[in-house]
Amino acid sequence: ACLVGSEMCIRDSNTFMPFALTQRNVKFNLIIIDPTDGHIVFQSNDASHAWNGIDKTTGNGVNYGTTYIWKVTIENAEPNENNEYAGNIMPIQKR
């Protein structure tokens, strides 16, 4: 699966990790949520462990064309920095 999302996703990538998390040494928790039933399909606190489109509960790839919700919570955010960020990501099939 190719994953596309906000400006935080690298085009033509097979995985998703918000770019800023790969550049900063910060403790965080990333979850990806299935909007159809609200279950967590992926969770990581390691920037080198990006989402590859697999649902952790089933072990299968998620549905192409469905928009999933990602949410990051940062521990010990900088002064005046949000400690939560969120967005959408849609897996698409590579051609």
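In the block above lies the structure referred to throughout.
Criteria and cut-off values
- Residues numbered from 1 in each chain as written.
- Predicted model: local features only at pLDDT ≥ 70, side-chain atom pairs only at ≥ 80, totals over all residues.
- Heavy atoms only, no water.
- Salt bridge = Lys/Arg side-chain N within 4 Å of Asp/Glu carboxyl O.
- Helix = DSSP H or I, 4+ residues; strand = E, 2+ residues; numbered from the N terminus.
- Buried < 20%, exposed > 50% of the residue type's maximum accessible area, 1.4 Å probe, protein only.
- Core = buried A, V, L, I, M, F, W, Y, C linked by side-chain atoms within 4.5 Å.
- Phe/Tyr/Trp six-rings, centres within 6.5 Å; stacked < 30°, edge-to-face > 60°.

### Re the pattern of salt bridges
Per the stated rule, a full pass over the model turns up two salt bridges. Glu 81 is the partner of Arg 24 in a salt bridge, and the nearest nitrogen-oxygen pair spans 2.6 Å. With Arg 24 in the loop between α1 (19-23) and β2 (28-33) and Glu 81 in the loop between β4 (68-74) and β5 (84-92), this pair connects stretches of sequence that are 57 residues apart. Exposure remark for Arg 24: the relative accessible area of 33% places this residue in the partly exposed category. Taking the shortest distance from any N to any O, the salt bridge between Glu 84 and Lys 71 comes out at 3.8 Å. In this pair, Glu 84 is assigned in strand β5 and Lys 71 in strand β4, connecting sequence segments 13 residues apart.

### Section: the nonpolar core
Residues Phe 28, Leu 30, Ile 32, Trp 51, Tyr 68, Trp 70 and Val 72 are the most contacted members of the largest nonpolar core, which totals 17 residues. Of all elements in the fold, only β2, β3 (40-44) and β4 reach the threshold of two or more residues within this core. Counting residues per element, this core draws most heavily on β4, which supplies four residues.

### Let's talk about the packing of aromatic side chains
Per the stated rule, a full pass over the model turns up two aromatic pairs. Seen from their ring centres, Phe 16 and Trp 70 are 5.8 Å apart, and the 50° between their planes marks the pair as tilted. Of the two residues, Phe 16 sits in the loop between β1 (2-5) and α1 while Trp 70 sits in strand β4, which places them 54 residues apart along the sequence. With 5.9 Å between their ring centres and 65° between their planes, Trp 51 and Tyr 68 make a pair best called edge-to-face.

Distances and angles like these do not, on their own, reveal function.
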